[in-house]
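Descriptive structure summary
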Amino acid sequence: MEAAGAAEDAARDAAQAAAQATAAAEAPPPGIAAAGLRRLLADKLCTWHILKTVLLGQMLSLFICGTAVTSQYLAEQYQVNTPMFQSFINYSLLLLVYTTMLAFRTGGDSLRQILKQRWWKYIFLGLADVEANYTIVKAYQYTTLTSVQLLDCFGIPVLMALSWFILRARYRLIHFIAVAVCLLGVGTMVGADILAGRQDSEGSDVVIGDVLVLLGASLYAISNVSEEYIVKNLSRVEFLGMVGLFGTIISGLQLAILEHKDIMEIQWNWKIALLFIVFALCMFGLYSSMPVVIKVTSATSVNLGILTADLYSLFFGLFLFYYKFSGLYILSFVIIMVGFVLYCSTPTQTAEPTTVPQPCNAGLDNAALKLDENDSETPAVAVHYTRGESVVVSTD
């Protein structure tokens, strides 16, 4: 018995040793595994699509930076605060270029047909876009820069929710992680602002300012989701032409009511005129380019990419407004870019629309459907009439 037990133990040990040797032989060496992981990351992240998306996103950020710097320079150096007038110039340029293009079109996508079919929808879109620009700028008069920078990120979850229900976008875990990383970068940027002493103004009414920021961020989300739907299902020119048309009307009316006195008080010279021109060109470039980028990526991806716009403005402010530099600005830029690349590395999915089940009716319709489906299995029937009254039926 003892000899038999020893033999079983020896056989068991030999089997375990053979299994370990097989596993060791099948497992790749650590160097090969690390090289495979690096290759996988390179194939996933270092692609032309990712590089193109990053470059396009930073181009939009630079346009936004141009509008921010010129607006701040007008406000600080020349005491000119006319956000609605500046928006009116941009909408007028869109009207002159893209609405005119629609006016020369014929057929179903002409200006007349678009207004006839969808005019009321574009009124709401133009209203959302105009008021989004106005409420964010107005919020600076009531709340702090920190609140604006942080609460403005509220538009990203709103945008994702609207994309989920309206555009049927379906996100993966990596997308939520990427958004969290980008928001961490924004928090780092705000921390750098506090350390650099950029929080000079406490605001006159923080609650009103915060509500305006949340409202503006939500309106931006509505505008961006609408833009993605129109660009991907209709056309870029239609979106820009309709926003230019109704944006000009709405901003013009609001301008006449709210800012006519401020415009009359401007002491015009060539420098102020040049700043207005630069602002208008940057804003026109932003509006003209954003539909192209959204069509390639998505509205959520674009909004994550332009989070770096504040950082570009800060870098320019180091020379123009003598801001204090902080290494956290570089860190926040890197964090935002890492989150942006992570988001773009995995495309979102689109849910298929639910189909309405057809009623199951018995009778001739159902019988005809079954005959059509089984046509190849049903023998052909030929009926021949003879001169008499008899009928001859034959099958092939």
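Note that residues are indexed from 1 along each chain, following the sequence as it is written. Residue-level local features of this predicted model are given only where pLDDT is at least 70; pairs of side-chain atoms are given and counted only at 80 or more, and the full residue set underlies all totals for whole chains, interfaces and linings. Side-chain measures were taken over the full set of non-hydrogen atoms in the model, leaving aside hydrogen atoms and water.

The next subject is helix H15 (residues 327-345). Since one α-helical turn is 3.6 residues long, residues separated by three or four positions face the same way. Every helix listed is a DSSP run of H or I at least four residues long, and every strand listed is a run of E at least two residues long, numbered separately from the N terminus. One less than the residue count of a helix, multiplied by 1.5 Å, gives the span that helix is expected to have. Along its 19 residues, H15 runs 27 Å from first to last C-alpha, staying within 8% of the 27 Å computed at 1.5 Å per residue. Residues of H15 that are buried: Tyr329, Ser332, Ile335, Ile336, Met337, Gly339, Phe340, Val341, Tyr343, Cys344 and Ser345. A simple rule labels every residue: compare its accessible area, found with a 1.4 Å probe on the protein chains alone, to the largest value its type can have, and call it buried under 20%, exposed over 50%, or partly exposed in between.

A word on the packing of helix H9 (residues 206-233) against helix H12 (residues 270-296). To get an axis, fit a line to the C-alpha atoms, keeping to the stretch in contact for a helix; angles then go from 0 to 180 degrees between the N-to-C directions. Between H9 and H12, the shortest axis-to-axis distance is 9 Å and the interhelical angle comes to 75°. Regarding the angle of H9 to H12, the classification is roughly perpendicular. Seen from H9, the contacting residues are Asn224, Glu227, Glu228, Val231 and Lys232; seen from H12, they are Met290, Pro291, Ile294 and Lys295. Here the contact of H9 with H12 is composed, by residue class, of four nonpolar, one polar and four charged. Angles below 35 degrees are treated as roughly parallel, those above 145 as roughly antiparallel, those between 65 and 115 as roughly perpendicular, and all remaining angles as oblique. When checking whether two residues touch, look at their non-hydrogen atoms; a contact exists if any pair is within 4.5 Å. Throughout, the ten residues Ala, Val, Leu, Ile, Met, Phe, Trp, Tyr, Cys and Pro are labelled nonpolar, Asp, Glu, Lys and Arg are labelled charged, and all others, Gly among them, are labelled polar.

Another aspect to go through is the side chain of threonine 300. Relative to the helices and strands, threonine 300 resides in helix H13 (residues 299-305). Residue classification places threonine 300 among the buried residues on the basis of a relative accessible area of 2%. Filtering out sequence-adjacent residues up to four positions away, threonine 300 remains in contact with Leu159, Met160, Ser163, Tyr171 and Tyr343.

The next point concerns the packing of aromatic side chains. How two aromatic rings sit relative to each other is given by the distance of their centres and the angle of their planes. The pairing test for Phe, Tyr and Trp rings, Trp by its six-membered ring, is centres within 6.5 Å, and the orientation test on the planes gives stacked under 30 degrees, edge-to-face over 60, and tilted for anything in between. This model, assessed by the stated rule, comprises nine aromatic pairs. An angle of 80° between the planes, with centres 6.1 Å apart, marks the rings of tyrosine 91 and tyrosine 287 as edge-to-face. With tyrosine 91 in helix H4 (residues 83-103) and tyrosine 287 in helix H12, this pair connects stretches of sequence that are 196 residues apart. Neither residue differs from the other here; tyrosine 91 and tyrosine 287 are each classed as buried.

Further remarks concern the nonpolar core. By size, the foremost hydrophobic cluster in this structure holds 46 residues, and its most contacted members are Leu94 and Met242. Taken together, the elements giving at least two residues each to this core come down to helix H3 (48-78), H4, helix H5 (111-139), helix H7 (155-166), H9, helix H10 (236-258), H12 and H13. At eleven residues, H12 tops the list of elements feeding residues into this core. Excluding residues within four positions of it along the chain, methionine 242 makes contact with Leu102, Leu111, Ile114, Leu115, Tyr122 and Gly247. Note on terminology: a nonpolar core comprises buried Ala, Val, Leu, Ile, Met, Phe, Trp, Tyr and Cys residues joined through side-chain atoms within 4.5 Å.

Attention now moves to the environment of isoleucine 156. Take isoleucine 156: it is sitting in helix H7. Overall, the relative accessible area of 4% leaves isoleucine 156 in the buried class. Residues isoleucine 156 and tyrosine 220, 64 residues apart in the sequence, show an inter-C-alpha distance of 9.5 Å. The residues touching isoleucine 156, leaving out its near neighbours within four places in the chain, are Val179, Leu183, Leu304 and Leu307.

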